[in-house]
Amino acid sequence: MKFTQTLKFQIGVALLALIALFSFFSMHTLKILDEQRTQGALLRLAGELQATAQHMAMQAMNYEKNTPQDNSAYTRDLRLYYQDLMNNTGQFDAICAAFSSGDFQRQLQGHNPATPVLSDNTLKAAFALENYWKKFLLALDEAMGPEEMPQLTEAARLIVDRNPMLLRKTRNLLKALDEDIQQRMQETNSIIRISFTIALIIAIGIMLWFYRRVLRPLGSSVEGFRQASAGNFSYQVPVTSDDEIGFLALSFNRLSSRLDTLFKLTARLQEGSDLNETLEFVSRTFPELLPLDWVGVLFVSTDGHIQLERAFGDGAPEELGILRFPLKNTLLEKCLNSGEPLHVPDIQHAALQNTSYRFLQVLAGRQRRDAIFLPVTAQSPIPGVLVFATRQAHAYQPEHVQLLSNLATVISLSFSRTLKLAEHARLAAIGQFVSNIAHEIRTPLATVSMALDYFENTELPDAANKRLQLAEQEMARINRLLADILLYARPLALNTQPTDICPILEKAVTSLKPLADKHQVRLHLNRPGDPLPMCADADRLLQIFLNLLRNAIEAAARNSTVTIKISSEDQDKVAQVEIHNRGAPIAPEHLQRLFEPFFTTKANGTGLGLAIVRRLVQAHGGSIVAASEQNNGTTFVVRIPCML
């Protein structure tokens, strides 16, 4: 988008135009006011000319009537009348000179007016008055005589005789000035009308442009959002421009299209038989629909508890350990009973209201502020709650709750299908195992049967001892197969209690020392100096590490070392165990199937060992991954949260 096409630029230009109009009118108004002040000052000066001329005439007539009879009266009149006459002539002369020269700085000092510009008629009248005034002054000087003994009587007579002409000249100037002012006022009024008309046209044009480019498209966008909030995801906003509002309309149309195709996306949810994949898909897809940086699923067990099965934060798996809570008198129970989404707008405040809200306390500890509980009950083999949460306070609005309400059935059915597929996959695996094991059991059972027949009521020679050993091996194999299938098929029940992972690994290393010696492999345990406590099932942990260590010893090269490294991450919140051997690398196509049930590359393997290990690790809320390189061997990394 070009900068000139953006509303930012266009509205900025419109605002600048309005500012320019405002500035023009303001300056023009100030100019008019200044001119009016100047014109008023000029009228006042012209009025002072007329008043001065009239004052001189009145004083002269009074002096003629009261001519002094002696020297003392003359001296008094000389002091009073003569001084007044000089003041009046000086004032008249200064004002008259200002009009003829156009320089009013001295006369208008203190008013700060604009520089007056006189018309030709006014200047002509001013020049005529000045010429007559100069002649008037010359005649007055001649009539008065020397300054030591001025002839005031003659001066008064001259003033009385010539004052009518002086007043006429003064009135002509005042009239010309008044006509000039009237003409200027008419011109000013015309300019104001024209300017106002132009400004009105520009303002109307800006308003029409603003309505067409901003208000009308914005109204369409608002209508689109209103339709979407009501659940009409197929509504499309008309795109009428290529500016920010046009981009907003395009974004809304893309969003509505995504929501409209949600049922197509649901097909992706229905394809996943793995809960991790399904939940990861939700964590990565749903942030386009609503604020979301944490999503988890909890399932109800038969003992009245609810357990956090999986969780993803910021698109990555969350390792929270074993989190089981009583369901009774909790918001989770309320959500399941209502069958409707439940909004918890302030998690931290709600967690403090009731001690039974332990799951909310966990969310508050993870710095989540707002959450929505979505029940997963429709046709689900296991009732559960899908939790959407975010760090943003008051992030979920009524439209988000309404959105999830509209999608609740689809999401619930999708998760129910995922659980069913997972359950069916496990049952199918068991069925496949039973089908495979039936053939495996026949051979050891036949061997045992022959050995038992042979050994019945007879002494045991060397050949019989060999058969006996073979029968014992086969029986051990059968027992191992049966134990693995039972462990994989039955629900896990963990006996969790505070324990330390380091002694458990030491015990596993000690137990497998004879096997390591047999394979000429060294075991090296690298443990931290401090204990690493956690809440876990010690027997199950020992089972995990015995299985992994046994596999590492059997896969390691002779005279090599199997390294077990214990460490902690995230400020002792997660214990990490790395088991590394320098044996032959695992092929990439085999590496990605290591944890699948019944997948094995060993001649006598059952294919359940690593599948059971992963199930035990996940039951503790942890994770296990494997990596194998050509020159570095194979490493299994187990991460288990240290939740006490």
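Scroll up to find the structure this text is about.
Note that the coordinates shown come from a computational prediction; the quantities given were computed from them, not determined experimentally.

Caption draft 1: Spatial organisation of the pairing of strand β6 (residues 370-376). Counting buried positions along β6 gives 7 out of 7 residues, so the element sits mostly inside the fold. Pairing between strand β5 (residues 342-344) and β6: 3 bridges, direction antiparallel. When the sheet's bridge partners are listed, V344 is paired in β6 with A371. With 7 bridges joining them, β6 and strand β7 (residues 384-390) adopt antiparallel strand pairing. Within β7, the residue paired with D370 across the bridge is T390.

Caption draft 2: Just the packing of aromatic side chains, in detail. For the structure shown, the criterion picks out 6 aromatic pairs. Arranged with centres 6.4 Å apart and planes meeting at 85°, the rings of F595 and F636 form a pair that is edge-to-face. Here F595 is found in the loop between α16 (588-591) and α17 (609-619), whereas its partner F636 is found in strand β14 (residues 633-641), with 41 residues between them in sequence. The two residues F595 and F636 agree in class, both being buried. Among the aromatic residues, those joined into a ring-pair cluster are W294, F325, F359 and F373.

Caption draft 3: Representation of the pairing of strand β2 (residues 305-313). Direction of pairing for strand β1 (residues 294-300) relative to β2: antiparallel, over a ladder of 7 bridges. By the bridge assignment, L298 is partnered in β2 with L308. Both β2 and strand β4 (residues 324-326) contribute to a ladder of 3 bridges, which runs antiparallel. The partner of H305 across the bridge, within β4, is P326. Relative to strand β3 (residues 316-317), β2 is paired through 2 bridges, and the arrangement is antiparallel. Paired with F312 across the two strands is P317, which belongs to β3. Two successive antiparallel strands, β2 and β3, enclose a turn made up of 2 residues, where D314 displays a positive phi of approximately 55°.

Caption draft 4: View of the environment of S234. Mapped onto the elements of the fold, S234 is located in the loop between α4 (152-229) and α5 (244-260). In sequence terms S234 and S256 are 22 residues apart; their C-alpha atoms lie 6.1 Å from each other.

Caption draft 5: Broad picture of the state of the cysteines. On inspection of all chains with the given rule, the structure shows 0 disulfides. Free cysteine C642: the closest other cysteine sulfur is in C502, separated by 9.6 Å. When its relative accessible area of 12% is taken as the criterion, C642 is described as buried.

Caption draft 6: Focus on the environment of G47. Along the chain, G47 turns up in helix α1 (residues 7-65). Expressed as a C-alpha distance, the spacing of G47 and L174, which sit 127 residues apart in the sequence, is 7.3 Å.

Caption draft 7: Molecular detail of the packing of helix α15 (residues 538-555) against α17. For the pair α15 and α17, interaxial distance at closest approach is 10 Å and the crossing angle is 145°. In this structure, α15 meets α17 at a crossing whose hand is left-handed. The segment α15 lies against α17, with R540, Q543, I544, N547, L548 and N551 engaging G609, L610, I612, V613, L616 and V617. The residue makeup of the contact of α15 with α17, split by class, is 7 nonpolar, 4 polar and 1 charged.

Conventions adopted
- Residues numbered from 1 in each chain as written.
- Predicted model: local features only at pLDDT ≥ 70, side-chain atom pairs only at ≥ 80, totals over all residues.
- Heavy atoms only, no water.
- Buried < 20%, exposed > 50% of the residue type's maximum accessible area, 1.4 Å probe, protein only.
- Helix = DSSP H or I, 4+ residues; strand = E, 2+ residues; numbered from the N terminus.
- Pairing = 2+ DSSP bridges.
- Phe/Tyr/Trp six-rings, centres within 6.5 Å; stacked < 30°, edge-to-face > 60°.
- Disulfide = S-S within 2.5 Å.
- Axes fitted to C-alpha atoms, helices over the stretch in contact; angles between N-to-C directions.
- Left-handed = near helix turned anticlockwise from the far one by under 90°.
- Contact = heavy atoms within 4.5 Å.
- Nonpolar A, V, L, I, M, F, W, Y, C, P; charged D, E, K, R; others polar.

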